[in-house]
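One-letter residues, chain by chain:
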Amino acid sequence: MPFDPETASPTGEFAVAGGRRRYLALLVLAGVLLGGLFLWWMGARADAELRAGLLQRARLAAKPLDPALVVQLLGSLGDGDSPAFREVQSSLQSFLLSDPEFRYVYLMGARPGEGGAEVFFLADTQDSSTDVAPPSPPGSPYDDATDELKGIFHRGSRSSRGLRPTNGGFGFPRWFR
């Protein structure tokens, strides 16, 4: 059958329909990719805003702490009887009670140890509804310390991590020096 441009040829119709399908498929693919990129960007932006807010709240928690009292803490079991420890723990407890979202508030220190810095508790407090474990005594090591946390003591920086497992469930750690 000869090709007649005046009449619709089966190959011409199929070529146009196939081109439209490919064009539509490319549009759908581009829309999905752009939508995914937008969702990723929005998630990253929300994460950064939440982390900044958490660090701000951690700074507010540290504000009432008297540095002169904190430097008196040696990170040993004997600190538990000192007036400085009781005052620091009272400040931490006040902050804990002021914000119902917190279940634990603690102050940590670091000292040289085998294999790098050893992170330990200076003071620990928790809300009364938490029955997982009693507060850690002063000087007890924090065995879950990550390299990031150890680096904070070395560099003097701050950090906020996303949701991570803890002994009491899950938490959003906020660390700063």
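Reading the values: rules and limits
Residues numbered from 1 in each chain as written. Predicted model: local features only at pLDDT ≥ 70, side-chain atom pairs only at ≥ 80, totals over all residues. Heavy atoms only, no water. Helix = DSSP H or I, 4+ residues; strand = E, 2+ residues; numbered from the N terminus. Contact = heavy atoms within 4.5 Å. Areas by Shrake-Rupley, 256 points an atom, 1.4 Å probe, with all protein chains shown as cover. Salt bridge = Lys/Arg side-chain N within 4 Å of Asp/Glu carboxyl O. Patch = residues over 30% accessible without salt bridge, like charges linked within 9 Å, V, L, I, M, F, W, Y side chains within 5 Å. pLDDT = per-residue confidence, 0-100. Expected span 1.5 Å × (residues − 1). Buried < 20%, exposed > 50% of the residue type's maximum accessible area, 1.4 Å probe, protein only. Arc of directions from axis to C-beta.

Enquirer: Give a description of the overall build of the chain that names residues and reports values.
Expert: Helices and strands together make up the secondary structure of the chain, namely 4 helices and 6 strands. Walking the chain from its N terminus toward its C terminus, one meets helices and strands in the order α-α-α-β-β-α-β-β-β-β. A sequence separation of at least 24 residues applies to 43% of the contacts in the chain between residues at least 6 apart. When the accessible area of the chain is evaluated, it comes to approximately 12,100 Å², of which 62% is carbon and sulfur surface.

Enquirer: Provide a residue-level description of the pattern of salt bridges, including the pertinent values.
Expert: On inspection of all chains with the given rule, the structure shows 2 salt bridges. For R45, the salt bridge goes to E49, with nearest N and O atoms at 3.5 Å. Of this pair, R45 and E49 both sit in helix α1 (residues 10-62), 4 residues apart, which is roughly one turn of that helix.

Enquirer: Any chance you could break down a nonpolar patch on the surface for me, citing the residues and the numbers?
Expert: There is a patch of nonpolar side chains on the surface, built from L34, L37, F38, L39, W40, W41 and M42 and spanning about 820 Å² of accessible area. Along the chain, the position of L39 falls in helix α1.

Enquirer: So what about the confidence of the model for the chain? Which residues, and what values?
Expert: Per-chain confidence: the chain averages 76 in pLDDT, with 75% of residues scoring 70 or above. For the chain, the element scoring lowest by mean pLDDT is strand β5 (residues 169-171), at 46; helix α3 (residues 83-98) scores highest, at 87.

Enquirer: Can you break down α3 residue by residue, with the values?
Expert: Residues separated by three or four positions in an α-helix point in the same direction, a consequence of the helix having 3.6 residues per turn. With 16 residues, α3 extends 23 Å from end C-alpha to end C-alpha; this agrees with the ideal 22 Å at 1.5 Å per step. Buried within α3 we find A84, F85, V88, S91, L92, F95 and L96. Seen along its axis, α3 keeps its buried residues to an arc of 140 degrees; they face one direction. Pointing more than 90 degrees away from the buried face of α3 are the exposed residues P83, L97 and S98.

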